[in-house]
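Analysis of the macromolecular model
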Amino acid sequence: MSDKARRPPYLAALLVSAIVLLGYVVSLAPTVTFWDAGEFIAAAKILGIPHPPGTPLFVLLAHTWGAIFPFGEYAYRLNFMVAFVSALAAGFFFLVVHESLRAAARDLEPATARWLPLLGAAAAALIGAFTFTQWQNSNETEVYGVAVLTIAAICWLCLRWRVRRGAGEGTKLLLLIIYLAGLSIGNHLLALLVGPAVVAFLVATVRSEPAADPATRRFEWAKVAVIAGVWAFMIGVGLGNTTLMAIGGLCFVAAAAYAATAGALGFALLALAVALVGVTSYAYLYIRAGQSPMINEAQPDNFKALLDVIRRAQYPPRTPLDDPTVPHGPDNPGRSLSIILAQLHNYMMYFGWQWANGVKAAILAVPVRIIATVAFLALGVFGSMLQRRADRPAWWLLFVLFLVTGLGLVAYMNFRPSPSYGWDRWPTAEEHEVRERDYFFVVSFVVWGLWAGMGLAALARRAVVRWGRGGRPALAAVAVGALVPFAANFDAASRAHGPDTRLAADFAYNLLNSVPPYGILFTYGDNDTFPLWWAQEVEGIRRDVTVICLSLAFTDWYMRQMRDNPTRDFDEASAPAFWRGRNPVKPTWPVHTMTDREIAGMTGYVVLDRPTEVRFGPITHTYPARTVLGPNDIMVIRTLQQNIGRRPIAWAITAGRDFQGLQAYTVQQGLAFDLRTALPDTTGNDRLVPLFGSVVDVPTTERLAWEVYRYAGLLESDEPVASLDPTSRSMASTLGLVHTQLAYAYEARGDREGLFRNLQRAAKLSPDPAIASALDQLRLERLQGDTAVRGDTARGGP
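This write-up is about the structure you can find in this document. The structure presented is a predicted model; accordingly, all values stated were derived computationally and were not measured.

**Here we look at the packing of helix H16 (residues 337-356) against helix H17 (residues 365-390)**
- At a minimum axis separation of 8 Å, H16 and H17 run at an interaxial angle of 95°. For the element pair H16 / H17, the angle class is roughly perpendicular. Contact with H16, carried on its side by Phe 351, Gly 352, Trp 355 and Ala 356, involves Arg 369, Ala 372, Thr 373, Phe 376 and Leu 377 of H17 and no other residues of that element.
- Across the contact of H16 with H17, the residue classes break down as six nonpolar, two polar and one charged.

Given below as structure tokens:
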């Protein structure tokens, strides 16, 4: 085959990337989303450090992109960046598939041999790009788009090495592959999982197409061994695991020794150096942490802390042999068959989501999804078989990649049952993952999508072979089949429509503005903290509020940061009118006064051996004997002692109701529980009303809920809140709780109008059928009352 005939169709790949990008853009989140996106956006904006392992490469890429991309709010810019890199990944996968389909079409007549690979590769790239999980990962600021791009680029470089392996360019391509692998550690370890696939491809190529010269063959095998050794070592480096680094180092030394016998020792040393250069993005964490950015998770400003970040030391350990529903340790019973079956069930459930997850018609949804899953399962098998016959090394590349990123991750990650499965056998929330983990397996879904596109091409090829020109319409069917995941997933994968497009942003705005100027706000986890970081660091919303995340307050570095971080000015001009004109005094004291030595001494939980009396300003509280206090409890206690009566203190409604025994002194104001210095008087008081176990400040909550809060279009939407993403649904219900409480307060007063208008909002915000039923009953009563009035009027009554 001539060089011209073998030239890759780069323009077609760019066209495919452009089409995919267009599909991503029309479904792109316009602002921040829940979970990690708020943290990543805020960290990119201020060059901060997000949660371990710190993702330094992603932060640097996002910060640069956000600075030079001129359109939209900052969150949209970074969302667009992720869409852009994911679209580039589709272009690389197009080239990978085209190479195999071109080999499969060699015996066809010229026109078909030209068009079938192009259409089949385009179909494969589009199906892979619009699998549900890949699409969702590409619509928000997350690290997986860059990881998938790295894997796609490495796969394409492998195929280019095969073409150029006899020239000097082949060695350069191998070094580039190694560099990208090392670089990827600074984004996400997912990209390292392409390593076994690369080695399998190289082995298959060298075995099936051996060089003519024995010395050259030995030299090539030495390079394959070196790449395997370097990859083994990088796995240990990426995980920060000393044992794995030692094993990987031994593998590399053995490979280098073999390379020395083949005259490839220079390549071995250069390969290791190139890989280590790629890893140097972690120097950013060390340098920037010492400059104390407002987001500085794990504060890796020394080598031990940096190593802890790479090792993810702050997270509870879990090995592949553990029962994941039980904490790691000597009492862990070990991974059972029932857990393994549940994990496989979850994987197959996620696999089924990929093809038609947006079909919502009540009667058709389940059968359509089942049919789509079976169809794409079959197409993937056909496509894999076609590739295996036509291009065995490329098949090994995708096959091993599919296994490692699918079942391999099921085995290694050892997840708990998902939040949508297994509650009959694992009835507590602690036994389930906090969210669906389909995004970890995204590469396996993309690979199957590529095979499904090849399967369409395989069916079209059969039609052409069987019917000649009469089979050419099958080529058009390839294009139609490629659009099925786009059409059938759009409603579920898109983040550009529906109320939850701005719900995270509006919830952050509402929660921060539930607190008076210079308030301290205790939050609990990702979804009531990360959007607040975005709001403060990116949008400048209520930076005067000190947000303390109770989940992070277990750590020594976070305690030090809360003490040392400055209190920022209250921007009255940009605050809601409700908080203006109060002349707040900016605190000049730290949030707490614990010394570094005291913080370092808190190494675990403390069990009180006797009743212990603690003073909080004018309040005295006695903790009973056997009370268990964790490091975060101690920090909260010291923060309360330092600030009660001096700064407003509040707990987010999402943080639970563990108020260090001071619940009787709290008053709910909208989405926050405000701590008072005296017991609230609810006797004959229309302002302070006991509701649902809390005392609610009704006028303040009324003004916040009706004058300050934003609702992301939920109040105007015809879409039922029950159809929202589970996280959005939960947060919307939290907003609805405020109006439910107001409705009860107005009912107690006999104010039927206030009851009705708050129930209307509560029903829009909450999926609780009891609220909808109460609203329907109230509407019926109003209707009957109107009918009675009209009847009296008709009879000449008053």
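Once you've had a look at it, read on.
**Here's the deal with the pattern of salt bridges**
- In this structure the tally under the stated criterion is 23 salt bridges.
- Close ionic contact of Lys 586 with Asp 569 constitutes a salt bridge, the shortest N to O distance being 2.7 Å. With Lys 586 in the loop between helix H25 (556-564) and helix H26 (596-600) and Asp 569 in the loop between H25 and H26, this pair connects stretches of sequence that are 17 residues apart.

**Observations regarding helix H3 (residues 37-46)**
- By the criterion of burial, H3 is predominantly enclosed, with nine of the ten residues buried.
- By the burial criterion, the buried members of H3 are Ala 37, Gly 38, Glu 39, Phe 40, Ile 41, Ala 42, Ala 43, Ala 44 and Ile 46.
- Just downstream of H3, Leu 47 is the residue with a positive phi angle, here 55°.

**Regarding the pairing of strand E7 (residues 649-652)**
- Neither face of E7 is left uncovered, since the one carrying Ile 649 and Trp 651 and the one carrying Ala 650 and Ala 652 both have all their residues buried.
- Note: strand E1 (residues 520-523) against E7, three bridges, orientation parallel. From the neighbouring strand, Leu 521 faces E7, where its bridge partner is Ala 650.
- Pairing between E7 and strand E9 (residues 672-675): three bridges, direction antiparallel. By the bridge assignment, Ala 650 is partnered in E9 with Asp 674.

**What about the environment of Val 442?**
- Relative to the elements of secondary structure, Val 442 occurs in helix H20 (residues 442-467).
- A relative accessible area of 0% places Val 442 in the buried class.
- Sequence separation between Val 442 and Asn 137 is 305 residues, and the spatial gap between their C-alpha atoms is 8.6 Å.
- When near neighbours in sequence (up to four residues on either side) are disregarded, Val 442 contacts Thr 133, Gln 134, Asn 137, Val 148 and Leu 190.

**Details of the side chain of Glu 433**
- By the secondary structure assignment, Glu 433 is in the loop between helix H19 (407-413) and H20.
- One polar contact links Glu 433 to Arg 437, side chain to side chain, over a distance of 2.9 Å.
- Excluding anything up to four places from it in sequence, Glu 433 contacts Arg 318, Phe 415, Arg 416, Pro 417 and Pro 419.

**Notes on the packing of aromatic side chains**
- Applying the stated criterion across every chain yields a total of 42 aromatic pairs.
- With a centroid separation of 6.1 Å and an interplanar angle of 90°, the aromatic rings of Phe 415 and Phe 441 are classed as edge-to-face. On the criterion of sequence distance, the pair formed by Phe 415 in the loop between H19 and H20 and Phe 441 in the loop between H19 and H20 is long-range, its members being 26 residues apart. Comparing Phe 415 with Phe 441, the two get one shared label, buried.
- Sitting over the ring of Phe 578, Arg 582 keeps its end group 4.9 Å from the ring centre.

**A closer look at the environment of Trp 355**
- Among the secondary structure elements, Trp 355 is positioned in helix H16.
- Since its relative accessible area comes to 0%, Trp 355 is described here as buried.
- Beyond its immediate stretch of four places on either side in the chain, Trp 355 contacts Ile 127, Thr 131, Ala 372, Thr 373, Phe 376, Phe 445, Trp 448, Gly 449, Val 484, Pro 485, Ala 488 and Asn 489.
- There is a polar contact of 3.0 Å between the side chain of Trp 355 and the backbone oxygen of Phe 351.

**What to know about the pairing of strand E8 (residues 666-669)**
- Of the two faces of E8, the one carrying Thr 666 and Gln 668 and the one carrying Val 667 and Gln 669 are both buried.
- One ladder, built from four bridges, connects E8 with E9; its direction is antiparallel. Bridging across to E9, Gln 668 finds its partner in Phe 673.

**Some remarks on the environment of Glu 220**
- With respect to the helices and strands, the residue Glu 220 is situated in helix H11 (residues 214-239).
- Overall, the relative accessible area of 6% leaves Glu 220 in the buried class.
- A C-alpha to C-alpha distance of 57 Å links Glu 220 and Arg 597, two positions 377 residues apart in sequence.
- In this structure Glu 220 touches Arg 165, Val 206 and Ala 211, once residues within four positions along its chain are discounted.

**A few points about a nonpolar patch on the surface**
- Together, Leu 337, Ile 340, Leu 341, Leu 344, Leu 403 and Leu 407 make up an exposed nonpolar region whose accessible area comes to about 510 Å².
- Element by element, the count of residues in the nonpolar patch is highest for H16, at four residues.
- By the element assignment, Ile 340 lies in helix H16.
- For Ile 340, a relative accessible area of 32% translates into the label partly exposed.

**Remarks on the packing of helix H9 (residues 168-184) against helix H13 (residues 265-279)**
- Packing of H9 against H13 leaves a shortest axis separation of 7 Å and a crossing angle of 35°. Handedness of the H9/H13 crossing: right-handed. From H9, Thr 171, Leu 174, Leu 175, Ile 178, Tyr 179, Gly 182 and Leu 183 reach across to H13, where they touch Phe 267, Leu 270, Ala 271, Val 274, Ala 275, Val 277, Gly 278 and Val 279.
- Across the contact of H9 with H13, the residue classes break down as twelve nonpolar, three polar and no charged.

Scoring rules and cut-offs
- All residue numbers here refer to positions counted from 1 along the written sequence of the relevant chain.
- Given that the model is predicted, a residue must reach a pLDDT of at least 70 before its local features are reported, and side-chain atom pairs must reach 80 or more before they are shown or counted; all residues, however, enter totals for whole chains, interfaces and linings.
- Processing note: side-chain calculations cover all non-hydrogen atoms of the structure and skip hydrogens and water entirely.
- With axes taken as lines fitted to C-alpha atoms, and helix axes fitted only over the stretch in contact, angles between N-to-C directions fall between 0 and 180 degrees.
- For helices the rule is a DSSP run of H or I covering at least 4 residues; for strands it is a run of E covering at least 2, with both sets numbered from the N terminus onward.
- For this classification, under 35 degrees means roughly parallel, over 145 means roughly antiparallel, 65 to 115 means roughly perpendicular, and everything else is oblique.
- Note on contacts: a residue pair is in contact if any heavy atoms of the two residues lie within 4.5 Å.
- Polar here means any residue other than Ala, Val, Leu, Ile, Met, Phe, Trp, Tyr, Cys and Pro, which are nonpolar, and Asp, Glu, Lys and Arg, which are charged; Gly is therefore polar.
- When a carboxyl oxygen of Asp or Glu is within 4 Å of a side-chain nitrogen of Lys or Arg, the pair counts as a salt bridge.
- A 1.4 Å probe rolled over the protein chains alone gives each residue an accessible area, and that area as a share of the maximum for its type sets the label: buried under 20%, exposed over 50%, partly exposed in between.
- By this definition, two strands are paired if DSSP reports at least two bridges between them.
- Any pair of N or O atoms that falls within 3.5 Å is considered a polar contact. Within protein, one atom must be able to donate a hydrogen and the other to accept it, and sequence-neighbouring residues count only if both atoms are side-chain atoms.
- Aromatic pairs are defined between Phe, Tyr and Trp rings, using the six-membered ring for Trp, whenever the two ring centres lie within 6.5 Å; interplanar angles under 30 degrees are classed as stacked, those over 60 as edge-to-face, and all others as tilted.
- Charge over a ring is defined by NZ of Lys or CZ of Arg lying within 6 Å of the ring centre and within 35 degrees of the ring normal.
- Each patch is built from salt-bridge-free residues with over 30% relative accessible area, joining like charges within 9 Å and nonpolar side chains (Val, Leu, Ile, Met, Phe, Trp, Tyr) within 5 Å.
- Accessibility throughout is a Shrake-Rupley quantity obtained with a 1.4 Å probe, and a residue counts as covered only by protein chains that appear here.
- Each crossing gets its handedness from the near helix: less than a right angle anticlockwise from the far helix is left-handed, clockwise is right-handed.

Structural measurements only, silent on function.
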